Amino acid sequence: MRLELQSRGRRLRLTQSAVLIAVITGLSACANLSGIEALATLRDAPSLGLSAADTSTVMLNADWWREFGDEQLNTLVAQALATQPSLKIVQARLRRAQAGVDVTQAATGPQLNANVELTRQLFTAKGAVPPPLAGTIQESGTAQLTGSWELDFFGKNRAALDAALGQTKAAQADVEAARMLLASHVVRSYFSLIRLSEQLGVANRSLAQRTHTLKLVQDRVNAGLDTRLEQRQSEGALPQARLQIETLQEQLVLGRNALGALVSEPNRPLALVLPAQAAIKNIATASKLPSDLLGRRADIAAARWRVEAATQDVGNARAQFYPNINLVAFAGFSSIGLDRLLDAGSEQWGVGPALRLPLFDGGRLRANLRGKNADLDAAIESYNAAVIDAVRDVSDQLASTQAIARQQTEQRAAQDAAENAYEIAQQRFEAGLSNYLQVLNAETAVLSQRSLAVDLAARALDTQVALLRALGGGYQADLPTRTAQQ
């Protein structure tokens, strides 16, 4: 009979618990989420003019700078990637995001805590404390373990974990973007030094040429074939050539300082042996916008993962409208009188569900959900801005690459003509058929073309690096599934 009564009691308690859960769940269905939605939409490849049918892509190496064939450059990039503080800052942010995932994941499992309390207390003699405790000073103690486990029926903790994972993925992409940007800065600074070195060579050849011309003029003046006017014109060209050399040498020092800062050696001279521009190899790149551009760039991947994280934050905010259901249990000892804390009869334990349902909060949950949707809109528009800028960036670099190639063709023809005109002017001057002003004009045209050739070659290299960066530098994104399906 007693067992039957106990069984009925357990069934009654289970029935009461089920009814309570059903009532609370029914109340949660009345949660008002209407009118709170994200407004922004993601831009996909077709809306950006990227044709999915175009499969003519060039796969880049993650260490793309090695393709230039310069071991000195490879060493500089490796040193920068290993020592540059700006990259280490981004890497630290990644470790912080990874720690955040561990913190969030810990909240999804059971929690266990130990609690020990020892108290010496005067019990009131005028209150509800019965004798013989009333008016006495007693020592009491409690030692127990408390455990809890939140049952994530509505996905709140799962959404929080997914949001943290999204932020970690974004931080990983940020590291790759920072690595790509740092490498491109080193390469472009190195190529800028090569350009300045080439320009200095042109300037030195100009100085030697003008020195030689001055000697010819002086010989003609001594022979009575020219006047002091031609001599002074020739002498005036030398300071101008020296000024250009000094300017280029200053720029070289500043360029070395900038490169030294990138490789974390700002106050130590870099022992560089700069190669000729012609020794730098070209790297094959795309000739038109690739269809998979959105999956190639780390900055776009980071923006997309932030959209994913913001989406999960919205899911977490929605789940807060629904009940929290926890299983709570405790077991331990409690007594009045510390000497009896571990005696038989001091044991205590308890187990049961704990439910919490927000019924009225003054609009706090709805305001929180509106804020999370606004964050999602901002993340989506940041992604849209990133992809629009990426398409523009690649388009600009492709246009510049093609334009520079055409400019170099025309410049080579102009330089050949200027060199021929200069030779003719020199021959006519030496034969006494023209004055020195014609030689100076022809020489100025030659020097201008030589300098322009160096600048165009440098622009070609710099634009190639910029195009490699714009194409993602060999990065392959691990994007959320929904992006892969767009």
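Further up the page is the structure itself.
Procedures and definitions
Residues numbered from 1 in each chain as written. Predicted model: local features only at pLDDT ≥ 70, side-chain atom pairs only at ≥ 80, totals over all residues. Heavy atoms only, no water. Helix = DSSP H or I, 4+ residues; strand = E, 2+ residues; numbered from the N terminus. Expected span 1.5 Å × (residues − 1). Buried < 20%, exposed > 50% of the residue type's maximum accessible area, 1.4 Å probe, protein only. Phe/Tyr/Trp six-rings, centres within 6.5 Å; stacked < 30°, edge-to-face > 60°.

Trainee: Where do I start with unusual backbone geometry in this structure?
Mentor: Outside of glycine, negative phi angles account for most residues, and trans bonds account for most peptide bonds. Here the amide bond leading from Pro-131 into Pro-132 is cis, since omega sits at 5°, within 30 degrees of zero. Its location among the elements puts Pro-132 in the loop between β1 (111-122) and β2 (137-151). Look at Ser-264: it is not a glycine, yet its phi comes out positive at around 65°. Relative to the helices and strands, Ser-264 resides in the loop between α5 (228-262) and α6 (298-319).

Trainee: What should I look at first to understand α6 in this one?
Mentor: Every α-helix carries 3.6 residues per turn, so stepping three or four residues along brings you back to the same face. In this model, α6 (22 residues) spans 31 Å end to end at C-alpha, consistent with the 32 Å of a helix rising 1.5 Å per residue. With 16 of its 22 residues buried, α6 lies for the most part within the structure.

Trainee: I tried to follow the packing of aromatic side chains on my own but got confused; where do I start?
Mentor: A full pass over the atoms with the stated rule returns 5 aromatic pairs. On the basis of an interplanar angle of 90° and a centroid distance of 5.0 Å, the ring pair of Phe-68 and Phe-191 is categorised as edge-to-face. Residue Phe-68 is located in the loop between α1 (2-28) and α2 (71-83), and its partner Phe-191 is located in helix α4 (residues 156-222); the two are separated by 123 residues in the primary sequence. Phe-68 gets classed as buried once you look at its relative accessible area, which sits at 0%. Judged by its relative accessible area of 4%, Phe-191 is buried. Ring centres 5.0 Å apart and planes at 15° place the aromatic pair Phe-154 and Tyr-322 in the stacked group. Of this pair, Phe-154 sits in the loop between β2 and α4 while Tyr-322 is found in the loop between α6 and β3 (324-336), placing the two residues 168 residues apart along the sequence. By relative accessible area, which is 33% here, Phe-154 ends up partly exposed. Residue classification places Tyr-322 among the partly exposed positions, given a relative accessible area of 24%. Here the aromatic cluster, defined as three or more aromatic residues joined through ring pairs, consists of Trp-64, Trp-65, Phe-68, Tyr-190 and Phe-191.

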